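Structure assessment
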Amino acid sequence: MQVIIYKFVDGTMNAVEVTEDIYLIHLELLQQEKRNHWRETRRHTSFYYFTDKGIDFEDKRIDLFAEIVRKENAERVHKALMTLSDKRRDLVRKFYYEEMTMRQIASQEGVSHTAISQRMKTIRKRLQKELRDCSI
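Because the structure is predicted, anything quoted here is derived from the model rather than measured.

Notes on the environment of Lys-129
Inspection of the secondary structure puts Lys-129 in helix α6 (residues 113–135). By relative accessible area, which is 42% here, Lys-129 ends up partly exposed. Sequence separation between Lys-129 and Ala-80 is 49 residues; the distance between their C-alpha atoms is 8.8 Å.

So this is what it looks like as structure tokens:
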């Protein structure tokens, strides 16, 4: 006599005594089930299998529409910046591209922080107007 142990989802187990012939049939059925499962899934790997293992896939596709909008916006901003005086463009470059603080710019130019803040406010209004006029 052989014992076949069944394990259930809820964690309980049940043991059944069977004859040698039934036990061998049971083993053959288990092997067949494994082979069928392997045959079905050998070429299929779940995306979640990789992400669970810490492997991430970067989306290499380019969103063409977003790229066009980004380029058009960059052109519009460039045109708007070209309408500014050299001194104002220099201030924009320092603040936005070189990431200097208004206090650093003020001390470099020998003016107050408030003066730089007011200049930036004026520049923003001018750029907003230019960008609004560009889109019409």
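Once the structure has been displayed, the description carries forward.
Some thoughts on the confidence of the model for the protein
The share of residues in the protein with pLDDT of 70 or more is 95%, and the mean pLDDT across the chain is 86. Mean pLDDT in the protein bottoms out at helix α2 (residues 47–52), which sits at 78, and peaks at strand β2 (residues 13–18), which reaches 93.

Side note on the pairing of β2
As judged from the 6 bridges shared by strand β1 (residues 2–7) and β2, these two strands associate in the antiparallel manner. If you follow Ile-5 over to β2, its bridge partner there is Ala-15. The hairpin turn running from β1 into β2, its antiparallel successor, is 5 residues long, and Gly-11 in that turn takes a positive phi close to 95°.

Quick notes on the rules
- The numbers attached to residues start from 1 for each chain and follow its sequence in the written order.
- In view of the model being predicted, local features appear only for residues whose pLDDT reaches at least 70, and side-chain atom pairs are presented and counted only at 80 or more, with totals across whole chains, interfaces and linings using the full set of residues.
- To obtain the side-chain values, all non-hydrogen atoms of the structure were included, while hydrogens and water were left out.
- Every helix listed is a DSSP run of H or I at least four residues long, and every strand listed is a run of E at least two residues long, numbered separately from the N terminus.
- In this scheme, a residue with accessible area under 20% of its type's maximum is buried, one over 50% is exposed, and one in between is partly exposed, where area comes from a 1.4 Å probe on protein chains only.
- Values of pLDDT, which run from 0 to 100, indicate the predictor's confidence residue by residue.
- At least two DSSP bridges between two strands are needed for those strands to be called paired.

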